[in-house]
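Residues per chain are reported as follows:
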Amino acid sequence: FTRGSLSNVDVVTYQLFARNFDFFAKENYEFVVIDEIQFLKNDESKIYQAVKRLNPPEYLYGLSGTPIENRLDDLFSIMSVVAPRVLGPKWKFSEKYQQVFAINNKKLTYSGIQNTNQLRQIIKPYFFSYNNLKLPKMSKTNYSVGMSAEQKEKHDYYYREAKVLLAKAIQGTITGY
């Protein structure tokens, strides 16, 4: 989450965000990146509800290696956060792209998906993969940062201790607790 400029950045876990939503809801973030966005697949979860109530940022990106884990509804939930209204209402999405198998106790069970080529075309502008990504050449800059005398003393102490533990581990003389 960023507020106003990149000098104001909030990096939070899903749990911290959900527990402290009132704090985050006061902010107007320009840019939001949601890592592992597939965790929002359950549209009844506390975190999903919190993210949906957030003031809409100017830019929102969701990162995931698995946007669909188990059901096509996973994709709908993610898209309703990243690009609301693109897939229409959930009932219409389900009718158009899923094959109903059974209806019981107000719950639909699906047996498959349909119209996948059409769905791919609709979501294509919102997804990219590393196969399509053109990255600039990698550059590397090293900065040498010195230590104060106190920091160096602590560093050397822990380094010596780690060497002793490593030697014991290699010899097999470290036992469990």
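Residues numbered from 1 in each chain as written. Predicted model: local features only at pLDDT ≥ 70, side-chain atom pairs only at ≥ 80, totals over all residues. Heavy atoms only, no water.

1. A short note on the overall build of the chain
Then comes step 1: Scanning the chain for helices and strands turns up seven helices and six strands.
Then comes step 2: Each helix (α) and strand (β) of the chain, taken in turn from the N terminus, gives the series β-β-α-α-β-α-β-α-α-β-β-α-α.
Then comes step 3: Residue pairs in contact within the chain that sit at least 24 positions apart in sequence constitute 55% of those at least 6 positions apart.
Then comes step 4: Accessible area for the chain stands at about 14,000 Å²; split by element, carbon and sulfur atoms hold 54% of it. (Helix = DSSP H or I, 4+ residues; strand = E, 2+ residues; numbered from the N terminus. Contact = heavy atoms within 4.5 Å. Areas by Shrake-Rupley, 256 points an atom, 1.4 Å probe, with all protein chains shown as cover.)

2. Thoughts on the nonpolar core
Then comes step 1: Counting 17 residues, the largest nonpolar core has Phe17, Ile34, Leu40, Val51 and Val81 as its most contacted members.
Then comes step 2: Among the elements of the structure, helix H1 (14–19), helix H2 (21–25), strand S3 (31–34), helix H3 (46–53) and helix H4 (72–82) are those that each provide at least two residues to this core.
Then comes step 3: In terms of residue count, the dominant contributor to this core is H3 (four residues).
Then comes step 4: Among all residues touching Val81, those that are not within four sequence positions of it are Ile34, Ile37, Leu40, Tyr48, Val51, Lys52 and Leu60.
Then comes step 5: Ranked by size, the runner-up nonpolar core spans 10 residues in total, among them Leu87, Tyr97, Leu119 and Ile123. (Core = buried A, V, L, I, M, F, W, Y, C linked by side-chain atoms within 4.5 Å. Buried < 20%, exposed > 50% of the residue type's maximum accessible area, 1.4 Å probe, protein only.)

3. Some thoughts on H3
Then comes step 1: Within H3 the residues assigned to the buried category are Ile47, Tyr48, Ala50 and Val51. With its buried residues spanning 165° around the axis, H3 presents them on a single face. For H3, the exposed residues set more than 90 degrees away from the buried face come down to Lys46 and Arg53. (Arc of directions from axis to C-beta.)

4. Here we look at helix H5 (residues 90–97)
Then comes step 1: The complete set of buried residues in H5 reads Phe93, Ser94 and Tyr97. Projection of H5 onto a plane perpendicular to its axis shows the buried side chains occupying an angular sector of 95°, all on one side. H5 presents Trp91 and Glu95 as exposed residues on the side facing more than 90 degrees away from its buried surface.

5. Focus on the pairing of strand S4 (residues 59–62)
Then comes step 1: As paired elements, S3 and S4 share four bridges and run parallel to each other. Residue pairing in the sheet places Val33 in a bridge with Tyr61 of S4.
Then comes step 2: The handedness of the S3 to S4 crossover, carried by H3, is right-handed. (Pairing = 2+ DSSP bridges. Right-handed = clockwise from strand over helix to strand, strands pointing away.)

6. Here we look at unusual backbone geometry
Then comes step 1: Residues other than glycine seldom take positive phi values, yet Glu36 does so here, at roughly 50°.
Then comes step 2: Counting through the fold element by element, Glu36 comes out in the loop between S3 and H3.

7. Examining the packing of H5 against helix H6 (residues 116–123)
Angle between the axes and distance between the axes are the two parameters that describe a pair of packed helices.
Then comes step 1: Where H5 contacts H6, the axes come no closer than 10 Å and their chain directions differ by 135°. Here H5 lies oblique to H6, going by the angle between them. Along its contact with H5, which presents Phe93, Lys96 and Tyr97, the element H6 presents Gln118, Leu119 and Ile122.
Then comes step 2: Split into classes, the residues belonging to the contact of H5 with H6 amount to four nonpolar, one polar and one charged. (Axes fitted to C-alpha atoms, helices over the stretch in contact; angles between N-to-C directions. Parallel < 35°, antiparallel > 145°, perpendicular 65-115°, else oblique. Nonpolar A, V, L, I, M, F, W, Y, C, P; charged D, E, K, R; others polar.)

8. Here's the deal with the environment of Asp74
Then comes step 1: Along the chain, the position of Asp74 falls in helix H4.
Then comes step 2: Taking C-alpha positions, Asp74 is 7.1 Å from Gln38, a pair spaced 36 residues apart along the chain.

9. Looking at the packing of aromatic side chains
Then comes step 1: As enumerated under the stated definition, the model contains nine aromatic pairs in all.
Then comes step 2: Between Phe17 and Phe21, the ring centres sit 5.8 Å apart and the planes meet at 85°, which makes this aromatic pair edge-to-face.
Then comes step 3: Accessibility expressed as a relative area gives 7% for Phe21, which makes it buried.
Then comes step 4: A ring pair is formed by Tyr157 and Tyr158, whose centres lie 5.1 Å apart and whose planes are at 70°; its orientation type is edge-to-face. (Phe/Tyr/Trp six-rings, centres within 6.5 Å; stacked < 30°, edge-to-face > 60°.)

10. Quick word on a nonpolar patch on the surface
Then comes step 1: A surface patch of nonpolar side chains, about 440 Å² in accessible area, is lined by Phe31, Val33, Tyr59, Tyr61 and Leu63.
Then comes step 2: Within the residue set of the nonpolar patch, elements represented by two or more residues are S3 and S4. (Patch = residues over 30% accessible without salt bridge, like charges linked within 9 Å, V, L, I, M, F, W, Y side chains within 5 Å. Salt bridge = Lys/Arg side-chain N within 4 Å of Asp/Glu carboxyl O.)

Structural measurements only, silent on function.
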